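Examining the three-dimensional arrangement
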Amino acid sequence: MSYTKLFLQAGRDEAVRRFHPWVFSRAIARYDGDLNDGDVVEVYDRKGEYLATGHYHDGSIAVRLFSFAATAGGPVTPDAAYWTKKLTGIRHIRQAIINAETNCYRLVHGEGDGCTGLIIDVYNGVAVLQAHSIGMHRERMVITEALQNVFGNELTAVYDKSSETLPNEYAGTVINSYLFGQTPVPHPVLENGNTFLIDWITGQKTGFFLDQRDNRALLARYAPGKRVLNAFCYSGGFSVYAIQAGATDVHSVDSSQKAIALTNQNVTANFSPETYQHEAIADDVLHYLNHHDEQYDIVILDPPAFAKSLSARHRAVQGYKRLNAEGLKRVAKGGILFTFSCSQVIDRELFYNTIVAAAIEAGRQVRVLHHLSQPADHPVSLFHPEGSYLKGLVLWVE
Ligand code: SAH
């Protein structure tokens, strides 16, 4: 297979040699022939030395790279054999996460796994794929073939959930559907021994927030005998862990009725009714915090990304500050706040400073117990630090 060759301007090859996963349009000198959105393209330096292969898209990020000369040796053809080798390598490192108690995990985490534009979450035999680029979406059938090669009989279905993650103009032409097999939803998975019922068809993202696995396990260590508020609960991940650990009372809040239904479903899937105290409430979190003066031993704040772009960052910081100030007021003396931000554009330092501002506003003495982040199935390329999106702090509130 021969692909269009794209040549970089002098001096613009350094970032690619350092495995940065994107080529910006301003770095391009020229290309031979035609290039359409989603095409595979080979990237060369000014003198014609091959550097990397990626998917083209007319825009500020013009090429999303998935293979580099330094690791692949030379140009590649992204066919089923290529993806089989790549996914086998990634799956190998995931073995540290998969065990008898955990059968759901992120198999492919975009740039962090050298698969720019591709997310694949595995739910107990079902792979849910989300392409963020047209190029990756075009690879979906060879990737499905590769998944079958990698997993054999363990794979029962592959579902494409890309319609909400692809660029707008293309997303309209895509209908979420099974690419292989079919599995009824909700589908049970195990995470650290807890059962969750996953619905990738109507659920948010691929159906479950796998990125909080380790942080939920940490919550379990603090939860015995505690009154817990799980704000922005989605399908009740933190709530189930808290009840399992012996929390005396758990309140779960989310503005989405569907999320509240999922939370109740997951709680009842794990525990018999007489063994726990749990209430799931459909409400806006700020409204809830302002209208209940109840105190909790542990408060969890895991809001959706408040900022999706740099221009939205300032407003988002104000939002996090206000939310955390209100959240801190609901923490009982000597209690704990688990607080998170999944906004990529709010880095660790800015998040920390925002929490300092919130604590000043709330007038509470606060100590940091843990700095949290995303788990090992959401790796971050050293050369693409933007991939580190999940930040959390566990705070001891006097
Ligand atoms: N903690 C969850 C993931 C949270 S995702 C887990 O471990 O699975 C963010 C959630 O916030 C979504 O379920 C969304 O419905 C909810 N949400 C968004 N805005 C909200 C608001 N203003 N008040 C309450 N919930 C909100």
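Residues numbered from 1 in each chain as written. Predicted model: local features only at pLDDT ≥ 70, side-chain atom pairs only at ≥ 80, totals over all residues. Heavy atoms only, no water.

What follows concerns the overall build of the protein chain. The secondary structure content of the protein chain amounts to twelve helices and 20 strands. At 22 Å, the protein chain has a C-alpha radius of gyration in line with the 21 Å of a compact globule built from 398 residues. Seen through its C-alpha atoms, the protein chain measures out along the principal axes to roughly 65 × 45 × 35 Å. Relative to its 398 residues, the protein chain shows a buried fraction of 54%. Relative to all contacts within the protein chain whose residues are 6 or more apart in sequence, the contacts with residues 24 or more apart total 64%. With the model as given, the accessible surface of the protein chain reaches about 17200 Å², and the carbon-plus-sulfur share is 51%. Averaging the positions of the 36 positive and the 42 negative side-chain charges in the protein chain gives two centres separated by 5 Å. (Helix = DSSP H or I, 4+ residues; strand = E, 2+ residues; numbered from the N terminus. Rg over C-alpha atoms; globule rule 2.2 N^0.38 Å. Buried < 20%, exposed > 50% of the residue type's maximum accessible area, 1.4 Å probe, protein only. Contact = heavy atoms within 4.5 Å. Areas by Shrake-Rupley, 256 points an atom, 1.4 Å probe, with all protein chains shown as cover. Lys, Arg positive; Asp, Glu negative; His and termini not counted. Charge placed at Lys NZ, Arg CZ, Asp CG, Glu CD.)

With that out of the way, let us pick up the nonpolar core. Generally speaking, nonpolar side chains in soluble globular proteins are found buried as a group. Core analysis: the largest hydrophobic core is formed by 35 residues, its most contacted members being Y123, I300 and F338. For this core, the element with the most residues is helix 8 (residues 237-245), which contributes five residues. Apart from residues no more than four positions distant in its own chain, Y123 is found in contact with N103, C104, V128, H187, V189, I198, W200, T206, G207, F208 and L210. Counting residues in each nonpolar core, the second largest holds 30 residues, with V299, V317, Y320 and L393 among its members. (Core = buried A, V, L, I, M, F, W, Y, C linked by side-chain atoms within 4.5 Å.)

All right, on to the site of the ligand then. Taken together, 15 residues lie near the ligand, and R216, D254, D284, V285 and D302 sit nearest. Measuring from an oxygen atom of the ligand, one finds a side-chain N or O atom of Q204 at 3.1 Å. Between the ligand and D302 there is a distance of 2.6 Å, counted from a nitrogen atom to a side-chain nitrogen or oxygen. In isolation the ligand offers 590 Å² of accessible surface; the protein chains occlude 87% of this area. Counted by class, the shell around the ligand contains seven nonpolar, three polar and five charged residues. (Near = heavy atom within 4 Å. Polar contact = N/O pair within 3.5 Å; in protein donor to acceptor, adjacent residues only side chain to side chain. Nonpolar A, V, L, I, M, F, W, Y, C, P; charged D, E, K, R; others polar.)

With that settled, the discussion passes to the packing of aromatic side chains. The geometry of an aromatic ring pair is captured by two quantities: the separation of the ring centres and the angle between the planes. This model, assessed by the stated rule, comprises 19 aromatic pairs. With 6.4 Å between their ring centres and 20° between their planes, F196 and Y241 make a pair best called stacked. Remark: Y241 occurs in helix 8 and F196 occurs in strand 13 (residues 194-198); sequence separation between them is 45 residues. Overall, F196 belongs to the buried group, its relative accessible area being 0%. Relative to F351, the ring of Y320 has its centre 6.3 Å away and its plane inclined at 85°; by these criteria the two rings are edge-to-face. Taken together, the residues span a long stretch of sequence, with Y320 in helix 11 (residues 313-329) and F351 in helix 12 (residues 348-362) at a distance of 31 residues. Across the pair, exposure class does not vary: Y320 and F351 are buried alike. (Phe/Tyr/Trp six-rings, centres within 6.5 Å; stacked < 30°, edge-to-face > 60°.)

Take the state of the cysteines next. Per the counting criterion, the structure on display carries zero disulfides. In this structure C115 is not part of a disulfide, and its nearest cysteine sulfur, from C104, lies 20 Å away. The exposure class of C115 is buried, given its relative accessible area of 0%. C233 supplies the cysteine sulfur nearest to C342, a cysteine that is in no disulfide, at a spacing of 15 Å. (Disulfide = S-S within 2.5 Å.)

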